[in-house]
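# Fold and geometry: a report
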Amino acid sequence: MQVLDAWQRVALQDGVPVYGLSRAGGKRLAVLSASLKDTTRWLDIRSYADLCKRTVTLQAEQPSAPFLAGEALLEDGRTRVANVALRPLLTKIALRSVAADFSGRPYAGVPFRCRTLYLSYAGAECHPLGSDAGKPLSWISAGWADSAAVKRLPHPEILLQEGCGDIGPGRMALGRAFYCYTGPQTRLVLGGTMGADEVYYPIPLAQLEPGSEYLIDVTLRRKGSPDPDIPTETGTVQLDFVTLPWARGDSYTVRF
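Residues numbered from 1 in each chain as written. Predicted model: local features only at pLDDT ≥ 70, side-chain atom pairs only at ≥ 80, totals over all residues. Heavy atoms only, no water.

### A closer look at the overall build of the protein
For the protein, the count of helices and strands is two helices and 17 strands. On the principal axes, the C-alpha backbone points of the protein span a range of 75 × 30 × 30 Å. By the burial criterion, 42% of the 256 residues in the protein qualify as buried. Long-range pairs, those at least 24 residues apart, make up 70% of the contacts in the protein with a sequence separation of at least 6. Looking at the protein as shown, the accessible area adds up to about 14,100 Å², and 52% of this sits on carbon and sulfur atoms. With 28 positive and 26 negative side-chain charges, the protein shows a separation of 3 Å between the mean positions of the two kinds. (Helix = DSSP H or I, 4+ residues; strand = E, 2+ residues; numbered from the N terminus. Buried < 20%, exposed > 50% of the residue type's maximum accessible area, 1.4 Å probe, protein only. Contact = heavy atoms within 4.5 Å. Areas by Shrake-Rupley, 256 points an atom, 1.4 Å probe, with all protein chains shown as cover. Lys, Arg positive; Asp, Glu negative; His and termini not counted. Charge placed at Lys NZ, Arg CZ, Asp CG, Glu CD.)

Set out below in structure tokens:
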């Protein structure tokens, strides 16, 4: 059952180690970040299973200071030093640049006018620990952008932003950043028009890892889809990915 043995709330200070006490035997050490306003929701935890059932949500996330979680297994011993890597549950998707090369197509020379950029099937809540940590439990913008749901977030720009205007052969630097708990259906959608036609480019973002940053350069090769829930043809979008770890913070030593 892995009943809770001990817990403590600690305000970390640079260079100051954190100490804890527990009964004998091997232990699982779980570490979660929380604001002082949020600590009461953890007070009724009685077991590791209880902890794994709790949820974190986009409603409470701050992109500049995301919720962090980590755990480690400790062998039995009188004194043990724990190294726990705390990682965000959020994934950062950075759209670094875009271009459109429609050479050889009937619509060559027609720019794609991007009016909106958003994440579809963006994970809105997840468990912090356990085998399902970081996997979305619910979604926002299932296909089409749900502006009403997005606007209820304290930082709506993490899911929905204005477009970038006409995209042509010249590469346009954007530096746009989006955040969510990513799942197998999560997509980055570019929505807009080509001439009189409404066009969407739903770009799949499957197999992204929580706590990582993905820099994406996009090149549009063909006309997009009339519906953000309809995939584009193979070869319509060319992606160049760079994967980076989330920025590292200060490290602390925890002794047991």
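Picking up where we left off.
### Description of the pairing of strand β7 (residues 91-100)
Burial runs high along β7: nine of the 10 residues are buried. Alignment of β7 against strand β12 (residues 172-180), held across seven bridges, turns out to be antiparallel. Paired with Val98 across the bridge in β12 is Met172. When β7 meets strand β15 (residues 212-220), the two strands line up parallel, connected through eight bridges. Bridge pairing in β15 places Val98 opposite Val218. (Pairing = 2+ DSSP bridges.)

### Description of the confidence of the model for the protein
Looking at the protein, pLDDT values average 88 and 92% of them are 70 or higher. Mean pLDDT across the elements of the protein bottoms out in strand β17 (residues 254-255) (52) and peaks in strand β8 (residues 112-120) (98). (pLDDT = per-residue confidence, 0-100.)

### Some words on the layout of surface pockets
The probe, sized like a water molecule, is rolled over the atoms to show the empty space still left. Volume-wise, the second largest pocket comes out at about 390 Å³. Taken together, 23 residues line the second largest pocket, and the ones lying closest to its centre are Leu89, Ala133, Gly134, Glu209 and Pro210. Listing elements by their share of the lining of the second largest pocket, those giving two or more residues are β4 (68-74) and β6 (87-88). Looking at the lining of the second largest pocket element by element, the count peaks at three residues for β4. (1 Å grid on protein atoms, 1.4 Å probe; cavity = no way out; pocket = protein on both sides within 12 Å on 5 of 7 lines; lining within 4 Å. Points joined across faces, edges and corners; volume = space filled by probe spheres on them.)

### Some words on the packing of aromatic side chains
Applying the stated criterion across every chain, the model contains four aromatic pairs. On the numbers, 5.2 Å between centres and 80° between planes, the contact of Trp144 with Tyr200 is edge-to-face. Here Tyr200 lies in strand β14 (residues 197-204) and Trp144 lies in the loop between β10 (136-140) and α2 (147-151), a separation of 56 residues in the sequence. Their ring planes at 80° and their centres at 6.3 Å tell us that Tyr214 and Phe241 sit as a pair that is edge-to-face. Remark: Phe241 occurs in strand β16 (residues 237-245) and Tyr214 occurs in strand β15; sequence separation between them is 27 residues. Judged by relative accessible area, Phe241 falls into the partly exposed class, the value being 38%. Here the basic side chain of Arg28 rests over the ring of Tyr48, its NZ or CZ set 4.3 Å away from the ring centre. (Phe/Tyr/Trp six-rings, centres within 6.5 Å; stacked < 30°, edge-to-face > 60°. Lys NZ or Arg CZ within 6 Å of the ring centre and 35° of its normal.)

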